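Structure at a glance
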Amino acid sequence: MCYISLGYIYFFRIIAIIPKISTKSYINFNKTIIQMRKSNVVIAFFVGLTMLSGCSALNNMVKLAATQQVDVVPNPLELHGDSVKADMSVVLPAKMLPQKYAYNLTTYYKSGDNDVEVGKMAFDAADFPDSKTTTSRKSDSYSFLYDPAMSQGVLEVQGTAVDQNGKSAETPRYEAAKGIITTSRLVEDEFYSAYAFHGYNDQEELIPTNVDFFFDQGRSVLKSSETRSEKGKEFAAFIADKNVTRTVTITGTHSPEGTETINSGLSGDRAKAIEKYYRSQMRRYDYKDMADSINFILKPVVEDWTAFKDALSAYEGVSDAQKSEVLKVVNGAGVFEDKEKALQKLDSYKAIFKDIYPGLRAAKTEVLTVKEKKTNAEIAVLAKQIGEGTASADTLSSEELMFAATLTPSLTEREAIFKAATKKDGSWQSHNNLGAVYLEMAAAAEGADRTSKVEMAITQLEIASNKNNAAEVLANMATAYAMQGDKNQAYDAVVAGLEKNPSADHASGMNAVKGSLEIKRGEYDAAFESLKSAKESTSVAFNRGLALLLNKDYENAVTGFGNATEQSAEFAKAYYASAVASARLRNDADMLSSLKMAIEKDPELKEKALNDLEFSNYASQVAEALN
């Protein structure tokens, strides 16, 4: 600090006693003064004069600091992500920064009893050689972590003038910006429980049954040796079981030789022969009206080399070189008959005629019957019994048991079913789905119960992850971390999950979570893109509007909030956010209208609106409208 020196005090004391002494004494006094010229007192005298000059400069700097210009952008301050960031520019008036002096400006954020130092800005006269005649300018960017207790406060600056000897003088504190806007905290939390597919198909499934009947060369009569063979008996037994049948597809074929190809209807006749046989068996086993519901599809194949080439590929009776010769003919130019005649000239023809051709003189039959299944009601009852321990877990397959959980809205019943599933097969799907149930329970809980359910979910998800770190597991981990307030770990998990290319349904749920987290991270462009890919809901529409608002796209933000209120007319927060966007657009009428609607839906928003710095330019209007 600046002090008056001892020499300066001595000087004034000496001057004060001079008028009181005699002429003779004065002469002696004068001699004494002359003798003191080399003494420490005289030295102290001059030091005192120097100190007095230094104090004067410091005091002048403090005085001029009152006219310094401090601009802060934004003002009021704004919260984005975890931090409050501000750009500060300072202009010192001319003559405020003498040579060999410095001026340090310290910035604080003061809220109640809390006083946080935000940053320092140093002005050294050596850096501003023209400071005697011109202003001195400097700018910097500051940020500090936000605490909820900070919302009501002020950003203050305090200067310190410093001379070359380290002596200093402080200015009063000046207010540079008021409070913190926390609109970014309006974001709606998004939690998504991702259930792994149970693997069960509750829709009608068709089971194919295939049998091939073979015919003599050039004929379409179904031989008794075929119907009495082992395959014929099995086919007859199959028909006798009266399986619920949807279609019977019969493909009639022929071999390439002339006696087969000369009759263009041979393939179709062979298919008809099988149809006739099948219908006779249905009459035998008294199908009655069931027969009318079966669709017979006859597919004659004429002059097609596909079956021949497939059979040749698997045939081991000729060499690879001979196979190449055959394929050269088959794939070459010419009509079907010409190619067959060319084949007859090959050394391999006899073997092919003997071993391959007979298999091509056939009628291939495929019967599609309906797979027998338990009804959904039966599955639901059995699953509940398994969950309660009154029925064996083997009563249902793992797929049926997992599917049963989709048939009940009760989270408690789902929990019991998935617990039974984890004991039955311990699959990653069962552990993941049990974790997903706990997350849904947590979303509906509060306090210690919520915390407990999230921890239970994480335990199951870690087991699932060790078996398969699938997209569903990562999606649920993201939700669990988000519920614990760890948005960075949640974000990493949901990004990793999306990289695994989940199903469209899971991706839309995960993008809703990702967009919400990106708003909390202050990444508004990314949030908007994520939310465009999210499954539409009131909260997604709101967050999309909020991302636009925070990105200063106010008109589109108003539209986005309108989309949210269209989906839920009681969503008070959307009206409130729309009022904020209108205030930034300087649209007084819409601002007041939206605020009134918000408070009508949620009266607790009134106090928030009266203290919200978003409306600081309209404080009197807002107070009048809301009171």
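In what follows, the structure referred to is the one given above.
Before going into details, it helps to say that this report is about the structure given with it. (Residues numbered from 1 in each chain as written. Predicted model: local features only at pLDDT ≥ 70, side-chain atom pairs only at ≥ 80, totals over all residues. Heavy atoms only, no water.)

**Points about the packing of aromatic side chains**
Here the structure, examined in full by the defined rule, presents 19 aromatic pairs. Plain terms: the ring middles of F213 and F235 are 5.8 Å apart, the flat faces sit at 65° to each other, and that makes the pair edge-to-face. With F213 in strand β10 (residues 206-214) and F235 in helix α5 (residues 230-240), this residue pair connects regions lying 22 residues apart in the sequence. Each member of the pair, F213 together with F235, is buried. Between the aromatic rings of Y349 and Y357, the centroid separation amounts to 5.9 Å while the plane-to-plane angle is 85°, which identifies the pairing as edge-to-face. The burial state of Y349 is the same as that of Y357; both residues are buried. Every member of this aromatic cluster is reached through a ring pair, and the members are F213, F235, F238, Y277, Y278 and F296. Here the guanidinium or amino end of K138 rests over the ring plane of F123, the centre of that ring lying 5.9 Å away. (Phe/Tyr/Trp six-rings, centres within 6.5 Å; stacked < 30°, edge-to-face > 60°. Helix = DSSP H or I, 4+ residues; strand = E, 2+ residues; numbered from the N terminus. Buried < 20%, exposed > 50% of the residue type's maximum accessible area, 1.4 Å probe, protein only. Lys NZ or Arg CZ within 6 Å of the ring centre and 35° of its normal.)

**Observations regarding the side chain of S582**
If you trace the backbone, S582 turns up in helix α24 (residues 572-584). Using a relative accessible area of 3% as the deciding quantity, one classes S582 as buried.

**Here we look at the side chain of T249**
Structurally, T249 can be placed in strand β11 (residues 245-252). Residue contacts for T249: discarding those within four places in its chain leaves I297, K299, K364, T365 and E366. (Contact = heavy atoms within 4.5 Å.)

**Observations regarding the nonpolar core**
If you look at the biggest cluster of nonpolar residues, it comprises 44 residues, and the most contacted ones within it are L396, L401 and L517. For this core, the secondary-structure elements that each account for two or more residues are α13 (376-388), α14 (398-404), α15 (411-424), α16 (428-443), α17 (447-467), α18 (471-483), α19 (487-498) and α20 (504-520). With seven residues, α18 is the single largest residue contributor to this core. Residues in contact with L517, not counting those within four places in the same chain, are A482, K487, A490, Y491 and V494. Ranked by size, the runner-up nonpolar core spans 41 residues in total, among them L186, A534, F542 and Y618. (Core = buried A, V, L, I, M, F, W, Y, C linked by side-chain atoms within 4.5 Å.)

**Considering the environment of N563**
Checked against the element boundaries, N563 lands in helix α23 (residues 554-567). Here the alpha-carbon distance between N563 and F296, two residues 267 residues apart in the chain, equals 53 Å.

**Let's talk about the pairing of strand β4 (residues 102-111)**
Of all 10 residues in β4, eight are buried, a share of seventy percent or more. Of the pairings in the sheet, the one linking β4 to strand β5 (residues 114-124) comprises 10 bridges and is antiparallel in character. Paired with T107 across the two strands is G119, which belongs to β5. Connecting the antiparallel pair β4 and β5 is a turn made up of two residues, with G112 showing a positive phi of about 60°. As judged from the nine bridges shared by β4 and strand β7 (residues 154-162), these two strands associate in the antiparallel manner. From the neighbouring strand, K110 faces β7, where its bridge partner is V154. (Pairing = 2+ DSSP bridges.)

**Topic: the pairing of strand β3 (residues 83-92)**
β3 sits mainly inside the fold: seven of its 10 residues count as buried. Sheet topology note: the strand β1 (residues 69-73)/β3 ladder contains five bridges and is antiparallel. Considered in β3, the bridge of V73 is made with D87. Bridge analysis of strand β2 (residues 77-80) against β3 gives two bridges, and the strand direction is antiparallel. Counterpart to H80 in the pairing with β3 is S83.

**A short note on the pattern of salt bridges**
Tallying each qualifying case throughout the model produces 27 salt bridges. Note that E570 is salt-bridged to K601, the shortest N-O span being 3.2 Å. Residue E570 is located in the loop between α23 and α24, and its partner K601 is located in helix α25 (residues 588-601); the two are separated by 31 residues in the primary sequence. Judged by relative accessible area, which is 53%, E570 ranks as exposed. E614 is the partner of R584 in a salt bridge, and the nearest nitrogen-oxygen pair spans 2.6 Å. In this pair, R584 sits in helix α24 while E614 sits in the loop between α26 (605-611) and α27 (619-626), placing the two residues 30 residues apart along the sequence. Pair check on accessibility: R584 and E614 agree, each one buried. (Salt bridge = Lys/Arg side-chain N within 4 Å of Asp/Glu carboxyl O.)

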